[in-house]
Amino acid sequence: MKKKVIATVCIIFAVLLIASVAVIQYLSGRVPQNPPGTVGNTAGNLYNNGLFCENDGFVYFANAYDSSSLYRMRPDETEMEKIAYTEVSSINADGKYLYYYQGGSGSGTGLGFVLSTTGIYRMNKSKASDAFCLDRVNGKYVLLADNDIYYTCSSDEVSLKKVSTDGKSKETLLELDILPVSVQNSTFYYLNNEENLHLMALDLKTKTSRQVLAEDVYMPIIEGNTVYGIDIHDNYSLISLNTTDGSKKLLDTGRIDLINVTDSYIYYQTSGSTPQLKRIRRDGSGMEVVAGGAYSNINATSQYVYFTQFGSSTPIYKTPVSGPVNVTTFDRASQAATAEINKNLK
C-alpha cells in the first residue's frame, strides 16, 4: 500500500512538473500586450529610415560601418556591442522586442537567421537568435503602435498594412502610398496624396479617416496640438500648425527636404544652391547652421543627432542634440565595426 502511495505521489509530481514546464515555455514565448499609447520610435527618426531607436536605457542602431548590422549602446555611446548580423532599418522597440525592416538575409546564428529574408521582423532583445518574420514583403516606414506593426508594402500596388505583434492577424488598411509614422492617441497623421494633399488623420481603432486641416503638409510630426512639417504649396517651407485653431507659423522660407523634431529643436535639411543642415527652436527662434552641404538620415537620440552626407552611408556625423553645435564623426561605431571584422578574421 505504501509503495502505491509513493508511486501515486511521484506520478502527480511528474505531471505537475511537466505542466509547470509547459506553462513556463508558453509564457516565455507569448508576446505580451503593450501599454496603451506605446510607440516604437519617433516619427522624425522613421522619416529618416529609422536607423536609431532609444528604448529602456539603450540605443539600438544600424551600424553603417558594418553593413548596417544591428548594434546597441548606451545613449552616451558606451557599452557598445553587436547583437545581430542582420541589415536593418525602421527600428522600433517595446519592453521585450525589437521590430524592424530587414533588407537582406541575416548571417547570424539560430534558425531565425538561417531562414531570414527581406521582410518585417520581430526580435527578442535578450536573445537575438529569436527572430521571427511577421511579413515577407518589400516595404518601408515600419512603425509599432500599441500592439500592431504598421508598414507600407511596395509589391504590385503600394498600400498601408498592419500585422499584430504576435503575427497572428494581418490586414490592409489603405491602398495609398503614405508615410505611416506620425501617430498620437492611436491616430495616424498623413498627407492625402490621393486627392488634395491636405492633412489627414486615420483613427486606428475605427479605421476611419478625416481631414484635420486644409493644409498641404508633408512629413507631418504631431506633438500635442502642434504639427511640424513641410508646406508643399509654399515653396516646401518649414511650418508649424495649430490643430485647434488652424493657425500656421512659417519657421523657414527655404526649400526643406527632411526634418526631425527633438525636445528642444527642429533639425532640417535645406536644398537649393547652398544646401545646409540647420536647426531651429520649436518656437521659431535661434536658427543655426549645423553643417553646410546636403545631408540625410537625420536620427536623434536623447544625447546626439546623427546624420550622413546625402547619397553616402559613411562617415556618420553627430552633434549634441542640445547645447552648442559641435559636429564630429561617430568614431566609436567605426571602431566597433573594425573590432568585429578583426575578430571574424581570427
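Presented here is an overview of the structure given in this document. Remember, it's a predicted structure, so these values are computed and weren't measured experimentally. (Residues numbered from 1 in each chain as written. Predicted model: local features only at pLDDT ≥ 70, side-chain atom pairs only at ≥ 80, totals over all residues. Heavy atoms only, no water.)

### A closer look at the overall build of the chain
Heads up, the rule is: Secondary structure elements follow DSSP: runs of H or I of four or more residues count as helices, runs of E of two or more count as strands, with numbering from the N terminus. Accessibility here uses a 1.4 Å probe with only protein chains present; expressed as a share of the type maximum, an area under 20% marks a residue as buried, one over 50% as exposed, and anything in between as partly exposed. Throughout, a residue-residue contact means that at least one pair of heavy atoms, one from each residue, lies within 4.5 Å. Surface accessibility follows the Shrake-Rupley procedure with a 1.4 Å probe radius. Residue values consider only the protein chains on display as shielding.
Each helix and strand counted, the chain has 4 helices and 27 strands in total. Looking at the chain residue by residue over its 346 residues, the buried ones come to 50%. Across the chain, the fraction of contacts at a sequence separation of at least 24, relative to all contacts at a separation of at least 6, is 39%. Total accessible area on the chain is roughly 16300 Å²; 51% of this is exposed by carbon and sulfur atoms.

### Re the nonpolar core
Applied cut-off: To form a nonpolar core, buried Ala, Val, Leu, Ile, Met, Phe, Trp, Tyr and Cys residues must be joined to one another through side-chain atoms within 4.5 Å.
Formed by 44 residues in total, the largest nonpolar core has its most connected members in Leu238, Ile259, Ile266 and Phe307. Apart from residues lying up to four places away in sequence, isoleucine 266 is in contact with Tyr228, Leu238, Leu251, Asn260, Val261, Lys278, Arg279, Ile280 and Arg282. Counting 31 residues, the second-largest nonpolar core is a separate cluster that includes Leu70, Cys133, Phe330 and Ala336.

### Some thoughts on the sheet that holds strand 4 (residues 81-93)
The cut-off we apply is this: Only strands that DSSP links by at least two bridges are regarded as paired with each other. As a rule, the C-alpha atoms of each element are fitted with a line to give its axis, helices using only the stretch in contact, and angles between N-to-C directions run from 0 to 180 degrees.
On the basis of which strands lie adjacent, the open sheet formed by 7 strands has the order 1-2-3-4-5-6-7 and antiparallel pairing. At either end of the open sheet lies a strand with only one pairing partner, and these are strand 1 (52-55) and strand 7 (127-135). Averaged over all adjacent pairs, the angle separating strand axes in this sheet is 45°, with direction ignored.

### Notes on the pairing of strand 19 (residues 248-252)
Each regular strand displays side chains that alternate between the two surfaces of the sheet. Pairing between strand 18 (residues 237-242) and strand 19: 4 bridges, direction antiparallel. Across the sheet, residue isoleucine 239 finds its bridge partner in strand 19, namely leucine 250. The turn linking strand 18 back onto strand 19 is made up of 5 residues, and glycine 246 within it adopts a positive phi angle of 80°.

The values are spatial; any link to function lies outside them.
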